[in-house]
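Structural characterization, general
Residues per chain are reported as follows:
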Amino acid sequence: MMKKAEATRQTILQKGFDLIYTKGYQTTSIEDILSTTQVTKGAFYYHFRNKEEMGLAIINELMKPTLQTSFVDLQKEENPLKGIYNLMKHLLLENDFLKVEYGCPASNFTQEMTPWNTHFSKALNEIIQTWIQVMTDALNSGIEKGFVSKETNTKQVTIFVISGYWGIRNLGRLEDNTTVYTTYLNGLNNYLHSLV
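The present account deals with the structure reproduced in this document. Keep in mind the model is a prediction, meaning the values are calculated, not measured.

**With respect to the packing of aromatic side chains**
- One pass over the full model with this rule turns up 8 aromatic pairs.
- Considering the side-chain rings of Y25 and F120, the 5.2 Å spacing of their centres and the 65° angle between planes classify their relative orientation as edge-to-face. A residue pair is termed long-range when its members are at least 10 positions apart, and Y25 in the loop between α1 (2–23) and α2 (30–37) and F120 in helix α7 (residues 118–145) qualify at 95 residues.
- With relative accessibility at 0%, the residue F120 sits in the buried group.
- Relative to W131, the ring of F71 lies with its centre 6.1 Å away and its plane at 45°, an arrangement referred to as tilted. With F71 in helix α4 (residues 51–76) and W131 in helix α7, this residue pair connects regions lying 60 residues apart in the sequence. The pair F71 / W131 is uniform in exposure class, with both members buried.

**So, the packing of helix α5 (residues 80–94) against helix α8 (residues 154–175)**
- Between α5 and α8, the shortest axis-to-axis distance is 12 Å and the interhelical angle comes to 20°. By the angle between their axes, α5 is roughly parallel relative to α8. Considering only the axes of α5 and α8, their crossing is right-handed. From α5, I84, M88, L91 and L92 reach across to α8, where they touch V161, Y165, I168 and R169.
- Split into classes, the residues belonging to the contact of α5 with α8 amount to 7 nonpolar, no polar and 1 charged.

What counts and how
- Residue positions are given per chain, counting from 1 as you read along its sequence in written order.
- Reporting of local features is limited, given that this is a predicted model, to residues whose pLDDT is at least 70; pairs of side-chain atoms are given and counted only at 80 or more, and all residues count toward the totals for whole chains, interfaces and linings.
- As a rule here, side-chain values cover all heavy atoms of the structure and leave hydrogens and water aside.
- Planes of paired rings set the category: under 30 degrees apart is stacked, over 60 is edge-to-face and the rest tilted, where pairs are Phe, Tyr or Trp rings (Trp by its six-membered ring) whose centres lie within 6.5 Å.
- Secondary structure follows DSSP: runs of H or I at least 4 residues long count as helices, runs of E at least 2 residues long count as strands, and numbering of each begins at the N terminus.
- Throughout this description, buried means an accessible area under 20% of the type-specific maximum (1.4 Å probe, protein chains only), exposed means over 50%, and partly exposed covers the range between.
- In this analysis, axes come from line fits to C-alpha atoms, helices being fitted only over the stretch in contact, and the angle between any two N-to-C directions falls in the range 0 to 180 degrees.
- When an angle is under 35 degrees it counts as roughly parallel; over 145 it counts as roughly antiparallel; between 65 and 115 it counts as roughly perpendicular; any other value is oblique.
- We call a crossing left-handed when the near helix sits turned anticlockwise from the far one by less than a right angle, and right-handed when that turn is clockwise.
- Residues count as neighbours in contact if any of their non-hydrogen atoms are within 4.5 Å of one another.
- Side-chain classes follow a simple rule in which Ala, Val, Leu, Ile, Met, Phe, Trp, Tyr, Cys and Pro form the nonpolar group, Asp, Glu, Lys and Arg form the charged group, and the remainder, Gly included, forms the polar group.

Listed below in structure tokens is the structure:
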């Protein structure tokens, strides 16, 4: 019984994420989720009090772990400049979870929800702060190991790279084409080489 309940919860979260990622949070209704999942209204409300609680679970239980898996690869890489490039390449061109036509789910949620929902703002900010910390730590380690110039402002580099990633995700979404990702990655590669 517990396994079935957990499977139902995961189905709601995954299908809810798919709908929100493609349509947006505010235009996705609980009825949309129910019809996509074939889950009853009672089953939905057994797991979540409302759509907001489900949305927060999507951020905490689906989006965070996906990004954290990507961070593990960055932390394993001895040369952080190579690691950052590979992370961006993976997120842009190799990750099946993320689609060019829908942009970045964290960025989408941020733009749509943070102006009016403090719970979403907090959960999304935790993802971004983790990303900033992991990348900054990797760059600081790279300075110690001689891969990165001692003059490098690691926090500044991190903010620049993440901002570029969010921006190129939106540009890719507008153009519905990954060609802009390749252009970004080439520019990123040149920038990272300037930090040696």
